[in-house]
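Results of the structural survey
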Amino acid sequence: MTTTLEPTVFVLDDDAESRNSLVQLLSSSDFHVEAFERPTRFLEEVPPDRLGCLVLDLCMPEMNGTEVQRRMIDRGQQIPTVIVTAYGTVQSTVLAMKQGAMDVIEKPYDPNVMVRCVSGLLAIANRRAADETAGEAIRRKFERLTPREREVFEQMVQGQSSKEIALNLNICFRTAQLHRERVFRKLEIESPVELVSISAVVSKSPTHA
Amino acid sequence: MHTESPIPDTTAADMYRRILDGLSSPVAVVSAEGNIGFTNEAWRQLAESIGASATETAEGADWRIACGRLAGAGIESEPELTRGMSEVLNGDAPSFEVQPGAGTSVDATAWKIRLTRMGGAPQCTILTLEKNAPSQPERSIVARELSDKIQNRNTELEQLNRSLRENQWRLSEAQRIAHVGHWDRDLDKSNARWSDEIYRILGRDPANTESTFHTFFDLVHPDDRDGVREAIHYARLHRSDLKIEFRIIRPDGQIRHLQDRAEIEFDAEGNPVRMFGTIQDITEQKRVESQLRDQAIAHSIRTKIRDADRNLPDTEAWRFLLAAIVDGFEIAGGWYGRKSEQRLERICEHGHLDQIPDSLDLGDAHQTYSAEQRAIVAAVTHGRCFHGANQTEPCESGCASMAPSPRAGGIHLAVPVAVDARIIGGILLFSDNAGAFPAERVRHIQDLANEMGERICRLRFERDAAEASRRSERQLLQVIAEMPIMMIAFDANGSIVAWNHECERVTGFSASEIVGKPESIERLYPEQKQKEVFVNHWLLESGEFRDWELTTNCRDGGQRTIAWSRVSDQFPIPGWAKWGIGIDVTERRMAERALAQSERDYRGLFDNAHDAIIIFRPHDEIVLEANPHACQLYGLSRSEFIGMSLLDISQDVARGQRKIAETMRLGQNVGFETTQYRSDGSAMLLEINAAVIEYRGELAILTINRDITNRRTAEDSVRNSEARYRWLADHSTDIILRISTDGTIMDASHASRAILGYAPDELVGRRCVELVTRENRDAMNAMIQRAMVERGPHRIALRFHCQGQDDRWLECLIEGLRNPENTTVREIVAVARDMSLRKQEEELRELRSMELSHVNRLITLGEMAGQIAHQLHQPLTAISNYAGTMRNLIRKTNGGGEAHDLEPYCDEIVRSAVRTGEFIHRIRAFTQRRGLRRSQTRLSTIMSNAFGLCEIRLQRMTVHTSYFEATDLPEIVVDTIQIEQVLVNLINNAIDAMTMREAGNRRLSVTAHVEPPTHVRVCVRDTGIGLQDDGQRLFQPFYTTKADGVGMGLVISRRIVEAHGGKLWIESHSEGGTSVFFTISLGEENDDNT
């Protein structure tokens, strides 16, 4: 389905009145909206990798907003989230922020604020998705390296010269140079500076762990 | 072939033999068949001298051959001899003589053969060899004489022979049966004469057996040969009869036991010449004898085993058995081994043994062991007896066919030892004697071994059991000795045998001073009576007794009270005839006595108090205790009084209850007055001092009641003093009127001016009823009439005319003053108090209460701030969202898009706005500061308001709520906001109590019923955690179980409910949860609204 690929605003609020009105507001602002009354339904139906953002009510009878956040963290869902609360305490707000909420909006709010916030979150979501794709490409390139080349790569990231690499890995200088060249070629990079950013991506990758 | 020997019975034969032997000529008796029977000495000597063999000349030989051999009668003379014989036998000639070789040479020394017929039957002839020498005429004379003698005795012999024939047959049979054979032998001859039975006994064929001593001697068991030889030698030497027992080994290998009895004949010089004897086969007898002996031995061993020391170690026991077997059965030696897993280990031995290893591997029996090792291993492995030197096959039947051991040392026997079919070891026995292990004996040995095994196992078991029992007994005694309870025991003679540490500790008498001492009872109980009781209980009576208390003397001279209890005789302890325990109850008794004393003191105080004292339960005012004075005061007996409720005798029940509640709250309440009735119905005014006390474990109220009716009467006397009375009256804020019995005002106090606007003087002389409004006059008259009859002040509210003012309600106390002497009413006193003042006071109090409940409402709302904000923000958010939506849509339309229908959004906005307004209104109403305002309403309306206020909380907590109202529930007249407040308080409490419950188990139910006759009862029930304590503290101000609570909710709620003429109480459920009940009066619309 094409809709699943479309960035979606998920609304999670138990109060029908404010939920329905928010859905109307966001739809009229041309967002694709999916609303949920119960947190469990949301967690069951929305897969962690769905592209979008979440408008999360803090006070819900079944499960409060911070608990929903915790569950999402547990399953690796990193959806950008804004917390909405009718009567927020400092404590719950701080906890929500700590658990990765991007913003907190108090009810009642200016509709413009809400719309701006949601578009900001969607932008973040889109960027993350793009990063993810780029990272995937880099990882694929990295996969091409032989174990020895990866060792050389590590040394290079640490800023070692060919001479030092040869010494550290107990190989001759010429071999070290050859490895270096191959690493550059396989990773399709020009300068050692790019190595670092690749290293940053790769070190997050599970294949390199 | 062997013919019957013609030898008569011993006497006849003896005589016969002697005669024949007395002859110097060789003589033989020849049977009709021609066989030589008996021969005389001379004949045998002749035969010996010429070296003739026994077959030629001895008994059974053919006479013709013998003649040929001895007398030189050749073959050619045989027909002549035969003819001569038949002649003699047939009686043709009395005798027959022939001279062999007569034709050739007549030698003086040649033997002449003479046959003489012998009379009697069977027919036989006497063969005599005679020298022809004429120099020996006497011989023929002798022969003749002999013949004559024989002839003379024919008759006699015939008889003898007859009986002989019978006897022979009988003898032969007897011999065969008794295995007795007989033999005789001339010592100068090699051959002996053996009867048939002897051949049978010796197991030899008569046909090819020489009946010589050597033949016999070869058969004798090698072990017995020396004995036989020696015995014969001894008998010869000492000329005694011979009697020996010995064994022979028959040619077929059988061993037989024989007994030989023989006599030796000696000649005149004392030389032995002849032996005669019988041989009896006593094998069978021996066997039986041996069996009997074995049995006796086995029996004695068995007895020994049984009588053996029970504490004998196992090894010693086995050694003992082994020694008994070896010695008893005369076996060379033995060895006992215990079977352990795969090995057989030697644990003891007896007698001389060959080298046997200390242990044998049971799994390797056929490999390297010697025959006896193999036998014992096989015996233990297969559980059967094995014996022999080289025989390892199981042999059930024992040793009956035992061959002599090829081993020089003898034979062995291996016997398994089993207990309960489990083999525990084996016995290996050795003997030099081939017959040492007959089957019977093997059985005995096996039985004995098994018996020993069983005994050891049984003893071990018994030892273990005995040890365990001893141990447990020791432990019991130890426990008894150490336990912190006195323990005493008596033996059958009634002296103390046990006296434990606790006894020592309590009495100070050590065990050594008490135990076994006849005077110890005396020391403990010097008093005769106590001693008797002690002795009676412990020694003379039987069965159990409990807690018999005796004052016991101690070593230090003090006394302790000890409660003795005897343990039933059904639980005996060895050596103790009677025993039991004692508990030192001195302190307990002292405490009890002190308690009783204090109780008595208290009672004394209570009973003798000048005032009436009553103790009653607060909630139903049931009297728990009343002193005699109180009984007197109320005119009731104590038994009537206790159990009755003061509610029944109080004039103003509600006030009484208020006072009680006050007392409960404050702990005491001093000096209030109340009116109660005596049993005769008369009222009395009581001044009451109340205090909360604990009475028999529950809270109660103790009141000291003073009858101030009497005091009033006493005060009357003071009042008689006019001056004082006036002073009192004029300083009172109440109007005091003295009214004569006919209703005329006699006197009025100054207060009349302030209240009624009349000076006292203006009132005197008027009729009292004129002071009140018309409609109250009857009431006043009635009350005055009542005062004339009934004692006590009578209370009534009356509306009085006031000069220059509105009429006023005054509360009057009307009382008749009686003459002390005749109790007739002298005059009436009326005390009137301005109720409007009191009303103001009451209103002030109510106002304070209102303030308090208002504060509570504010606090409640403060606590609910979060929910309220939520509830307000939701619709506001919706309004804001819809407005934003509309703006978006309008922009789109303005930007050229299609037009949108905005109406639904407007509707939503309106709906949300209205909802918000309603909620704000509800909160405003709830927080309004106002007086008590009663109105007629339905409880359900109040209920839905209360639920509305708590809605968000209930939702958030997912509390399942229900409300049930009885169909007959009427409308009620209450202050709706206050009742709503009560409900909100209770709902909030319920929600708080249920936070700990899981979401599905939070239920809140409210039910309302009519409580006849005039109340509504409401129950708010939750499924929360319930109450932690009795719930009473919940009604104390500022008591709270909540972290952020103020602790006023329930206190306020109860006050509100009480202001509505009801009660509020809490019940906790055992299954969890709490119910709060409250009742409220249905109320009257026009209660008052001023």
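To be clear, the structure that these remarks concern was listed above.
My aim in this report is to walk through the structure given alongside it, one point at a time. (Residues numbered from 1 in each chain as written. Chains lettered and ligands numbered in written order. Predicted model: local features only at pLDDT ≥ 70, side-chain atom pairs only at ≥ 80, totals over all residues. Heavy atoms only, no water.)

Some thoughts on the interface of chain B and chain A
At the interface, 25 residues of chain B touch 24 residues of chain A. Overall, the association of chain B and chain A removes approximately 2000 Å² of surface from exposure, summing both partners, and the carbon and sulfur fraction of that is 51%. In terms of surface lost to chain A, no three residues of chain B exceed B:Q874, B:N881 and B:R956, which account for 25% of the buried area on that side. On inspection of chain B and its partner chain A, the count reaches 2 salt bridges. The shortest N-O distance in the salt bridge between B:R915 and A:E17 comes to 2.8 Å. Across the contact surface, chain B and chain A share 15 residue pairs in polar contact (both at pLDDT 80 or more). (Contact = heavy atoms within 4.5 Å. Buried area = accessible area lost by both parts, 1.4 Å probe. Salt bridge = Lys/Arg side-chain N within 4 Å of Asp/Glu carboxyl O. Polar contact = N/O pair within 3.5 Å; in protein donor to acceptor, adjacent residues only side chain to side chain.)

Considering the side chain of B:R953
Residues and elements named next belong to chain B. Residue placement: R953 occurs in helix α31 (residues 939-956). In this structure R953 comes out as buried when scored by relative accessible area, which is 15%. At a separation of 2.9 Å, a polar atom in the side chain of R953 contacts the side chain of N988. (Helix = DSSP H or I, 4+ residues; strand = E, 2+ residues; numbered from the N terminus. Buried < 20%, exposed > 50% of the residue type's maximum accessible area, 1.4 Å probe, protein only.)

Some remarks on the environment of B:S944
Residue and element names in this part refer to chain B. Mapping S944 onto the fold places it in helix α31. Residue classification places S944 among the partly exposed residues on the basis of a relative accessible area of 44%. Here the alpha-carbon distance between S944 and E980, two residues 36 residues apart in the chain, equals 9.1 Å.

Some thoughts on helix α22 (residues 653-666) of chain B
All names here are of chain B. Here α22 is 14 residues long and its end C-alpha atoms lie 20 Å apart, about the 20 Å a rise of 1.5 Å per residue gives. Regarding α22, the residues found buried are K659, I660 and T663. Here the buried residues of α22 occupy an arc of 100° about the axis, which is enough to place them on one side. The outward face of α22, more than 90 degrees from its buried face, is lined by the exposed residues R658 and R665. Contacts from the buried residues of α22 go to β22 (612-616), β24 (668-677), β25 (683-695) and β26 (698-707). (Expected span 1.5 Å × (residues − 1). Arc of directions from axis to C-beta.)

Points about the environment of B:M886
All names here are of chain B. Inspection of the secondary structure puts M886 in helix α29 (residues 865-894). Remark: the alpha-carbon pair of M886 and E903, spanning 17 residues in sequence, is separated by 9.4 Å. Look past the residues within four positions of M886 in its chain and what remains in contact with it is L902, Y905, C906 and I909.

Brief notes about the pairing of strand β37 (residues 1064-1068) of chain B
Residue and element names in this part refer to chain B. Inspection of the sheet shows β37 paired to strand β38 (residues 1074-1081) by 5 bridges, in the antiparallel sense. By the bridge assignment for β38, I1066 is matched with V1076. As consecutive antiparallel partners, β37 and β38 are separated by 5 residues, and within that stretch G1072 has a phi angle of approximately 100°, a positive value. (Pairing = 2+ DSSP bridges.)

Overview of the sheet that holds strand β6 (residues 180-186) of chain B
Either a parallel or an antiparallel arrangement is found when strands of a sheet pair, and the pairing is made through backbone hydrogen bonds. All names here are of chain B. As summarised here, the arrangement of the 5 strands in space is β7-β6-β10-β9-β8, forming an open sheet in which the pairing is antiparallel. Unpaired on one side and paired on the other, β7 (192-194) and β8 (242-249) mark the two borders of the sheet. Strand-to-strand twist of the sheet, defined as the mean angle between neighbouring strand axes without regard to direction, takes the value 20°. Strand direction decides the pairing type here: strand β9 (residues 255-266) and strand β10 (residues 272-281), joined by 9 bridges, are antiparallel. Bridged to D260 within β10 is I279. Helix-sheet contacts for helix α11 (residues 283-307) involve β8, β9 and β10, and the interaxial angle to β9 is about 120°. (Axes fitted to C-alpha atoms, helices over the stretch in contact; angles between N-to-C directions.)

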